[in-house]
Amino acid sequence: MISPPRFFKASMTITEQILQYVLSGLVMGSSYALIALGFTIIYNGTNIINFAQGEFVVIGSLLMVTMTEVYELPMPLAFIIAVAGTALVAFALQRLAIHPLRNSNAMTLIIVTIGASIVLRGISMFIWGKDAYAMRHFSGEEPIEIFGATILPQSFWVFGITIAAVVLLQLFYRKTLMGKAMLATAVNKTAARLMGINVENVLLISFVVSGALGATAGIIIAPLNLAKYDAGVMLGLKGFCACILGGLGSSGGAIIGGILLGIIEALGAGLISSSYRDAIAFVILLLVLFVRPQGLAPLKEMMMGQEKQ
Amino acid sequence: MKSLLKNDYGILVALMFVLAAPPILVKFGAMNSYYISILIFMALNTMIAVGLNLLVCHAGQISLGHAAFYGIGAYTSAILTVVYGCPLWVDVIAAMVLSGVIAYLVGAPTLKLKGHYLAVATMGLGIIAFIVMNEWHSVTEGPSGIVGIPRLKIFETVMRTDMQVYYLYWAIALIVILVAINILNSRVGRALRALHGSETAAAAMGVNVNSYKLKVFVISAVFAGLAGSLYAHYMTFISPPSFGLQFSIMLVLMIIVGGAETIWGALIGAVLITSMRAFLGEALGAYKDYDVIVYGLVMMVVMIFIPAGLAGGVSIIARKLKRGSAQPEEIGA
């Protein structure tokens with residue numbers, strides 16, 4: 001995870017500290033948001049919680065490391081290959097494991113994705129080993145100072161690419177036939193099928209898009225964290241916490257939930273206790289389930305209404 | 001004998017005879033005493049799996065964090081006996097009660113929700129429990145764990161040898177199975193089976209769906225807490241890695257492999273997966289780190305090809321052979 005201390009100077013006021021935490025929370029939160037969006041897309045299509053989502057994140061980042069460090073490809077090309085490669089893994093997962101079970105109940109499918117995540121993690125360990133890889137930043141590594149807090153240039157890449165991914169996804173939903181078919185399927189699978197939408201293709205594309213989003217999330221934060229074969233467990237589960245916080249099934253909620261989770265986590269780790277950093281997301285998860293299980297976002301139907309306009 | 005085996009109680013009696021065999025084999029040198037410790041782990045895993053089996057089959061819910069209850073049981077016993085000098089067996093009861101109370105607190109709000117929120121909440125609980133075990137040094141000793149947990153005593157006899165522990169723990173495991181069978185054959189059990197068919201129908205028949213689900217979840221946690229406590233007393237040393245997400249997944253794997261159709265699926269799953277964990281590493285040699293791939297594949301393959309698990313698969317095949325062409329049942333895991 002991002003370690004706040006390396007940004008710190010000796011004399012920071014409490015406001016500066018809080019600003020620092022919020023900034024680093026925003027960075028982590030952006031990647032949670034993308035991971036959460038991936039969960040949402042698959043959940044809306046199939047009603048399954050894809051526990052292999054975290055593996056997409058890791059495979060994306062490890063592919064990126066290989067492309068940039070071993071094959072020394074230029075960043076943009078490596079980025080495209082890593083995202084496409086992960087999307088291909090997601091494609092294979094859907095075809096080989098999810099599609100044959102399309103008539104089973106959601107619980108069976110959820111367990112299959114847990115199995116798939118274990119297999120993918122094992123394969124990643126086989127290919128990349130147990131080492132953690134450092135990745136080059138997209139551009140300079142010189143921290144920039146803002147109001148007493150510092151920020152790495154990579155953070156701007158994280159924000160920019162996250163926003164670009166969200167905008168692209170919206171364009172995909174609104175402008176393309178496949179995107180519209182996906183929205184329709186999310187609202188009502190049976191009705192979509194009756195309207196002549198090939199729901200099977202929609203579900204396949206859901207996995208592909210979800211894989212691409214996960215990979216993007218992994219790639220943009222890889223220079224700040226390290227890329228390691230087993231990092232996906234925590235990243236995936238936290239992305240899922242973000243989904244619940246925002247409201248499971250709502251894409252707006254996924255983004256808001258992700259960013260909020262990032263900020264709360266950074267603030268909690270910085271101001272309360274850093275050793276419990278990883279527990280914060282799950283405490284929030286339980287609190288949301290107990291107090292407001294529908295999450296922060298307005299009800300799913302309302303979000304859907306907004307998206308369709 | 002044949003008619004005896006059709007009855008759950010009959011199988012239980014048969015199982016008692018089977019369980020008497022390994023110690024005799026060890027005595028005559030036909031079996032390595034190392035296997036006795038594996039058999040002890042099978043007893044512990046059976047206790048947890050039986051509880052999970054009740055939860056999956058008869059409440060239609062799954063827990064992805066049962067290792068937490070196992071860990072809570074183990075740590076409760078360890079802390080009570082080592083730090084506070086609590087009398088033996090009292091700590092076992094305390095471990096079961098605490099696991100049950102925490103299950104109640106987590107289950108009561110989440111089981112009201114439609115969908116698989118219990119899976120999500122238990123997963124969250126599992127991760128929080130694991131982090132607390134690692135970080136709350138003043139109570140749990142952190143990653144270095146707690147040492148010097150005493151072996152259990154029956155009257156004045158300390159369970160010093162593995163053989164004694166083997167008999168005691170399997171006796172407890174059989175009691176757990178017996179309790180589970182009785183739950184299934186009780187009014188509650190019938191209601192639970194009704195739930196498994198259709199929740200709406202069960203509710204319409206006047207079954208208090210949420211309250212039954214919650215009861216079963218609490219019972220499953222109590223079984224896991226019991227197993228955890230017994231684990232601590234057997235190992236005399238505990239540390240967090242035994243109670244992580246990986247073990248929760250292993251427990252789910254036991255249920256999947258064994259099948260949730262009958263209580264015996266839990267036993268089959270616990271026996272198979274415990275043996276796999278003991279021998280797969282050896283078998284893979286230099287590749288032992290990759291055993292996870294095997295577990296993941298087993299999980300996927302069983303779900304795809306025999307969703308009813310081995311116990312369920314066998315009974316479906318048996319029914320098919322009997323009646324010609326009965327439809328295989330869809331098991332709602």
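Just so it is clear, the structure is predicted and the values come from calculations on it, not from any experiment. (Residues numbered from 1 in each chain as written. Chains lettered and ligands numbered in written order. Predicted model: local features only at pLDDT ≥ 70, side-chain atom pairs only at ≥ 80, totals over all residues.)

(A) Representation of the overall build of chain A. When you go through chain A residue by residue, the secondary structure sums to twelve helices and two strands. Computed over its C-alpha atoms, the radius of gyration of chain A comes to 19 Å, within 12% of the 19 Å expected for a compact globule of 309 residues. C-alpha extents for chain A along the principal axes are approximately 65 × 45 × 35 Å. Counting the 309 residues in chain A, one finds 53% classified as buried. In chain A, once contacts between residues fewer than 6 apart in sequence are set aside, the share between residues at least 24 apart is 74%. (Helix = DSSP H or I, 4+ residues; strand = E, 2+ residues; numbered from the N terminus. Rg over C-alpha atoms; globule rule 2.2 N^0.38 Å. Buried ≥ 20, exposed ≤ 12 C-beta atoms within 10 Å, placed from the backbone. Contact = placed C-beta atoms within 7 Å.)

(B) Molecular detail of the overall build of chain B. On a plain count of helices and strands, chain B comes out with 14 helices and four strands. Here chain B, with 333 residues, has 47% of them falling under the buried criterion. Put simply, of all contacts in chain B between residues at least 6 apart along the chain, 75% involve residues at least 24 apart.

(C) Fine view of helix α7 (residues 162-184) of chain B. With 23 residues, α7(B) ought to run about 33 Å at 1.5 Å a step, and its terminal C-alpha atoms sit 32 Å apart, in line with that. The secondary structure elements touched by the buried residues of α7(B) are α1 (8-27), α2 (34-59), α10 (209-235) and α12 (263-284) of chain B. (Expected span 1.5 Å × (residues − 1).)

(D) How the structure looks around the environment of Ala186(A). Residue and element names in this part refer to chain A. With respect to the secondary-structure elements, Ala186 resides in helix α6 (residues 177-187). In this structure Ala186 comes out as buried when scored by C-beta crowding, with 23 C-beta atoms within 10 Å. For Ala186 and Tyr43, which are 143 residues apart along the polypeptide, the C-alpha to C-alpha distance reads 8.4 Å. Setting aside chain neighbours within four positions, we find Ala186 in contact with Asn44 and Gly45.

(E) Main features of the interface of chain B and chain A. Listed as interface residues are 32 residues of chain B and, on the opposing side, 35 residues of chain A. Contributing elements (two or more residues each) for the side of chain B that touches chain A: α4 (90-110), α5 (117-135), α11 (245-258) and α13 (291-305) of chain B. Taken together, the residues of the side of chain B that touches chain A break down into 25 nonpolar, five polar and two charged. (Nonpolar A, V, L, I, M, F, W, Y, C, P; charged D, E, K, R; others polar.)

(F) Up close: unusual backbone geometry. Of note, the phi angle at Asn47(A) is positive, near 70°, even though the residue is not glycine. On the basis of neighbour counts, which here come to 15 C-beta atoms within 10 Å, the residue Asn47(A) falls in the partly exposed class. One non-glycine residue, Thr236(B), lies in the positive phi region at around 60°. Counting through the fold element by element, Thr236(B) comes out in the loop between α10 and β4 (237-238). Take Thr236(B): there are 14 C-beta atoms within 10 Å of it, and that puts it in the partly exposed class.

(G) Representation of the packing of α2(B) against α12(B). All names here are of chain B. With their axes 8 Å apart at the nearest point, α2 and α12 run at an angle of 140° to one another. With respect to their mutual orientation, α2 and α12 come out oblique. Helix-helix and strand crossings are classified by hand; for α2 and α12 the assignment is right-handed. Contacts from Ile38, Phe41, Met42, Asn45, Thr46, Ala49, Val50, Leu52 and Asn53 of α2 reach α12 at Ile263, Gly265, Ala266, Leu267, Gly269, Ala270, Val271, Thr274, Ser275 and Ala278. (Axes fitted to C-alpha atoms, helices over the stretch in contact; angles between N-to-C directions. Parallel < 35°, antiparallel > 145°, perpendicular 65-115°, else oblique. Left-handed = near helix turned anticlockwise from the far one by under 90°.)

(H) Spatial organisation of the confidence of the model for chain A. Residue and element names in this part refer to chain A. A residue-level look at chain A finds 92% of positions with pLDDT of 70 or above and a mean pLDDT of 88. Summarising per-element confidence for chain A, the mean pLDDT is lowest in helix α12 (residues 300-308) (49) and highest in helix α3 (residues 75-98) (95). Contacts for the low-pLDDT stretch residues 1-6, under 50 throughout, to residues beyond four places or in other chains number eleven contacts. (pLDDT = per-residue confidence, 0-100.)

(I) Spatial organisation of the environment of Gly142(B). Relative to the elements of secondary structure, Gly142(B) occurs in the loop between α6 (137-140) and β1 (146-147). Taking the C-alpha atoms as reference points, Gly142(B) and Pro240(B), 98 residues apart in sequence, are found 7.7 Å from one another.

(J) Fine view of the environment of Cys57(B). On the secondary structure map, Cys57(B) appears in helix α2. Spatially, the C-alpha atoms of Cys57(B) and Ala260(B) are 5.2 Å apart, while their sequence positions differ by 203 residues.

(K) How the structure looks around the packing of helix α3 (residues 66-82) of chain B against α4(B). All names here are of chain B. At a minimum axis separation of 8 Å, α3 and α4 run at an interaxial angle of 140°. By the angle between their axes, α3 is oblique relative to α4. The element α3 and its partner α4 pack so that their crossing is right-handed. Facing α3, whose interface residues are Phe69, Ile72, Gly73, Thr76, Ser77, Leu80 and Thr81, α4 presents Asp91, Val92, Ala94, Ala95, Met96, Leu98, Ser99, Ile102 and Ala103. Within the contact of α3 with α4, the residues separate by chemical class into ten nonpolar, five polar and one charged.

(L) Structural view of α6(A). Buried residues of α6(A): Ala181(A), Met182(A), Thr185(A) and Ala186(A), and no others. The buried residues of α6(A) occupy one face: seen down the axis, they fall within an arc of 140°. (Arc of directions from axis to C-beta.)

(M) Region of the structure containing the confidence of the model for chain B. All names here are of chain B. Confidence in the prediction for chain B averages 85 pLDDT; 89% of positions are at 70 or higher. For residues 324-333, every residue scores under 50 in pLDDT, and the model assigns this stretch 24 contacts once sequence neighbours within four places are set aside. Predicted complex, confidence summary: ipTM 0.87, pTM 0.88.

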